[in-house]
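# Coordinates in review
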Amino acid sequence: MVKILVAYYSRTDHTAHMAEEVVAGIAEADGAEVDCLPVGQVDAKGLGEYDGIILGSPTYYGSMAAEVKKLLDDSVCLHGKLTGRVGGAFTSSANIGGGNETAIMDLLKALLIHGMVVQGTAMGDHYGPVAIGDIDDRSRKECRKLGRNVASLASRLRG
Ligand SMILES: Cc1cc2nc3c(=O)[nH]c(=O)nc-3n(C[C@H](O)[C@H](O)[C@H](O)COP(=O)(O)O)c2cc1C
């Protein structure tokens, strides 16, 4: 059974609500186990136990929150050891053009530098789910899709 981590930071719960829907999407994929934790409760040294890692952050100045960056910086202890695992990212921002896609790309860039595999989507939110403020029906579907896709790709890669 593949194991997926959803790690997020959220001050006003918008990103936390997205995390809940990503978890629901993972549950829709057969045979995946999931941990969903605020980044402050994630020990970077434990990231190696996951087949998939999905990061969620509010958009702060067009990028991720410092709390999420700290987890990524701490993850240098596993540099080279996450190659081939599956990654994904999601964000909530206040504005439609508020830098949400650059925030997602910053998250994905770090996962790619770890050697992780990232799947985009041809339809909908191409790089990862975006919510404007709190989650709505559209972003809920995108979050569930991300969860399903990461769990199913992780299962396929694990064989
Ligand atoms: C320090 C700070 C920086 C922010 N920067 C942006 C920004 O660049 N673009 C944007 O659209 N919203 C920005 N916001 C708004 C948050 O991204 C938005 O309120 C988000 O929904 C908060 O998510 P949360 O409820 O998970 O904390 C910023 C908020 C804070 C506190």
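It should be noted that the structure appears before, not after, this text.
As the structure is a computational prediction, the values presented were derived from the model and not from experiment. (Residues numbered from 1 in each chain as written. Predicted model: local features only at pLDDT ≥ 70, side-chain atom pairs only at ≥ 80, totals over all residues. Heavy atoms only, no water.)

## A word on the site of the ligand
Threshold: Being near a molecule or strand, for a residue, means having at least one of its heavy atoms within 4 Å of it. Pairs of N or O atoms are called polar contacts if they sit within 3.5 Å, as long as, within protein, a hydrogen donor faces a hydrogen acceptor (for residues adjacent in sequence, only side-chain-to-side-chain pairs). Using the Shrake-Rupley algorithm and a 1.4 Å probe, accessible areas are obtained, with residue cover drawn only from the displayed protein chains. Each helix is a run of H or I in the DSSP string that is no shorter than four residues. Each strand is a run of E no shorter than two, and both are numbered from the N terminus. Only Asp, Glu, Lys and Arg are considered charged in this grouping, and only Ala, Val, Leu, Ile, Met, Phe, Trp, Tyr, Cys and Pro are considered nonpolar; every other residue, Gly among them, is considered polar.
Around the ligand, the structure places 16 residues, and the nearest of them are Ser-10, Thr-12, Thr-15, Ser-92 and Gly-98. In this structure, Gly-62 approaches the ligand through a main-chain N or O atom, which is 3.2 Å from an oxygen atom. Take Gly-98: an N or O atom from its main chain is 2.7 Å from a nitrogen atom of the ligand. Protein contacts shield 77% of the accessible area of the ligand, which totals 640 Å² for the unbound molecule. Residue assignment for the shell around the ligand shows that the elements contributing at least two residues are helix H1 (14–28) and strand E4 (86–93). Residues of the shell around the ligand, tallied by class, amount to four nonpolar, 10 polar and two charged.

## Section: a negative patch on the surface
As a reminder, the rule being used: Residues with no salt bridge and a relative accessible area higher than 30% make up the patches, which join like charges within 9 Å and nonpolar side chains (Val, Leu, Ile, Met, Phe, Trp, Tyr) within 5 Å. A carboxyl oxygen of Asp or Glu within 4 Å of a side-chain nitrogen of Lys or Arg is what we treat as a salt bridge. Charge assignment in this entry is limited to Lys and Arg as positive and Asp and Glu as negative, and neither His nor the chain termini are counted. By convention, the charge on Lys lies at NZ, on Arg at CZ, on Asp at CG and on Glu at CD. Here the term buried applies to any residue with accessible area under 20% of the maximum for its type, exposed to any over 50%, and partly exposed to those in between, with areas from a 1.4 Å probe on protein chains only.
Taken together, the side chains of Asp-13, Glu-20, Asp-134 and Asp-136 define an acidic patch exposed on the protein surface. Relative accessible area serves as the criterion here: at 40%, Asp-136 is assigned to the partly exposed category.

## Regarding the nonpolar core
As a reminder, the rule being used: What is meant by a nonpolar core is a set of buried Ala, Val, Leu, Ile, Met, Phe, Trp, Tyr and Cys residues, joined one to another through side-chain atoms within 4.5 Å. By definition in these notes, contact holds between two residues if any of their heavy atoms fall within 4.5 Å.
With 25 residues, the main nonpolar core has Ile-53, Leu-55 and Leu-71 as its most contacted residues. Elements that contribute at least two residues to this core include exactly strand E1 (2–8), strand E3 (52–58), helix H2 (66–74) and helix H3 (100–113). The residues contacting Ile-53, other than those within four sequence positions of it, are Leu-5, Leu-47, Leu-82, Val-86, Gly-87, Gly-88, Leu-111 and Met-116. Membership of the second largest hydrophobic core comes to 23 residues, among which are Tyr-8, Ala-19, Ile-26 and Ile-54.

## Brief notes about the environment of Ala-32
Examined against the element boundaries, Ala-32 turns out to sit in strand E2 (residues 32–38). A C-alpha to C-alpha distance of 24 Å links Ala-32 and Asp-137, two positions 105 residues apart in sequence. The contacts of Ala-32, once residues within four sequence positions are left out, are Met-1, Val-2, Ile-26 and Ala-151.

Read these as layout, nothing more, since geometry by itself doesn't imply function.
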